[in-house]
Amino acid sequence: MQRTQLTALLYGWIVVFGIILLSSVVLALVLQFTAFDEPGLRWATLIVGLLALFLGGITAGAKGKSKGWLIGGTIGLGFTLLIFLVQYLGYQQGFSLEQSLHHLSFLAAALFGGIIGVNLIGGQVE
């Protein structure tokens, strides 16, 4: 990969983890001070994750200016790998079927984000 694409990946991961960190704080405060319950939290975290990976893919695609599908896919795979390693090494559990489907959705969101990010700024034809 070229230096531009590696920089784009870094920006994308910063956006993804920044959004997830900020939304985690907000959701924790909502849980603490409202009657928001567990089933609602599952949907909220799924939507926030999809949105974070989509926006991270857009950012990475816009910075990379080409090969948005590759950059977005790398964002999604890197996120999934990190979550898997934390869960497997920290809790000795693999992904369940539901989690696998969620992570496929995360990968798709990052892929589409990368493709859209390249096309938003008028990517180069290679």
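Going by the structure above, here's the rest.
Residues numbered from 1 in each chain as written. Predicted model: local features only at pLDDT ≥ 70, side-chain atom pairs only at ≥ 80, totals over all residues. Heavy atoms only, no water.

1. Regarding the overall build of the protein
Put simply, the test is: The secondary structure listing takes helices from DSSP runs of H or I that are at least 4 residues long and strands from runs of E that are at least 2 residues long, numbered from the N terminus. It only takes one pair of heavy atoms within 4.5 Å for two residues to be counted as in contact. Where accessible areas are quoted, they stem from the Shrake-Rupley method and a 1.4 Å probe; at the residue level, only the protein chains shown are allowed to cover. Charged residues are defined narrowly, with Lys and Arg counted positive, Asp and Glu counted negative, and His plus the chain ends left uncounted. For the purpose of locating charges, the reference atoms are NZ of Lys, CZ of Arg, CG of Asp and CD of Glu.
The number of helices and strands found in the protein is four helices and zero strands. Each helix and strand of the protein, placed in order from N terminus to C terminus, yields the pattern α-α-α-α. Each principal axis of the C-alpha distribution contributes one length, and for the protein these read about 50 × 30 × 20 Å. If you take every contact in the protein between residues at least 6 apart in sequence, the share linking residues at least 24 apart comes to 79%. Carbon and sulfur atoms provide 71% of the accessible area of the protein, an area that totals close to 7900 Å². Each charge sign in the protein was given a centre, from 5 positive and 4 negative side chains, and these centres are 22 Å apart.

2. Remarks on the environment of Ile-14
With respect to the helices, strands and loops of the structure, Ile-14 is situated in helix α1 (residues 3–33). Ile-14 sits 45 residues away from Thr-59 along the chain, and the two C-alpha atoms are 9.6 Å apart.

3. As for the packing of aromatic side chains
We count it as follows: Geometry of aromatic contacts follows a simple scheme: Phe, Tyr and Trp rings, the Trp one being its six-membered ring, pair when their centres are within 6.5 Å, and the pair is stacked under 30 degrees between planes, edge-to-face over 60, tilted otherwise. The buried label applies to any residue whose accessible area, calculated with a 1.4 Å probe on protein chains only, is under 20% of its type's maximum; exposed applies above 50%, and partly exposed to all values in between.
On inspection of all chains with the given rule, the structure shows four aromatic pairs. Arranged with centres 5.7 Å apart and planes meeting at 80°, the rings of Phe-79 and Phe-106 form a pair that is edge-to-face. With a gap of 27 residues between them, Phe-79 in helix α3 (residues 68–91) and Phe-106 in helix α4 (residues 97–120) connect regions that are remote in the sequence. Taking 5.6 Å as the distance between ring centres and 10° as the angle between the ring planes, the aromatic pair formed by Phe-84 and Tyr-88 counts as stacked. With Phe-84 and Tyr-88 both in helix α3, this residue pair falls four residues apart, about one helical turn. Tyr-88 gets classed as partly exposed once you look at its relative accessible area, which sits at 45%. Among the aromatic side chains, those forming a connected cluster through ring pairs are Phe-17, Phe-79 and Phe-106.

4. Let's talk about the nonpolar core
Soluble globular proteins: nonpolar side chains tend toward being buried together. How we decide: We call a set of buried residues a nonpolar core when its members are Ala, Val, Leu, Ile, Met, Phe, Trp, Tyr or Cys and they connect through side-chain atoms within 4.5 Å of each other.
Within the largest apolar cluster, eleven residues are counted, these being Ala-8, Leu-9, Val-16, Leu-46, Leu-53, Ala-60, Ile-71, Ile-75, Phe-79, Phe-106 and Ala-110. Looking at this core, the elements with two or more residues in it are α1, α2 (38–64), α3 and α4.

5. Let's talk about the environment of Ile-115
Considering the arrangement of structural elements, one finds Ile-115 in helix α4. Measuring from C-alpha to C-alpha, the distance between Ile-115 and Val-86 comes to 28 Å, with 29 residues separating the pair along the chain. Contact partners of Ile-115, with chain neighbours within four places excluded, come to Gly-68 and Trp-69.

6. So, the side chain of Gln-5
Tracing the chain through its elements places Gln-5 in helix α1. With relative accessibility at 4%, the residue Gln-5 sits in the buried group. Those residues in contact with Gln-5 that sit more than four places away from it in its chain are Ser-66, Lys-67 and Ile-71.

7. Some thoughts on the pattern of salt bridges
Our working rule: Just to be clear on terms, a salt bridge is a Lys or Arg side-chain nitrogen sitting within 4 Å of an Asp or Glu carboxyl oxygen.
Taken as a whole and judged by the stated rule, the model has one salt bridge. When the shortest N-O distance is used, the salt bridge between Glu-98 and Arg-42 registers 3.3 Å. Taken together, the residues span a long stretch of sequence, with Glu-98 in helix α4 and Arg-42 in helix α2 at a distance of 56 residues. Judged by relative accessible area, Glu-98 falls into the partly exposed class, the value being 40%.

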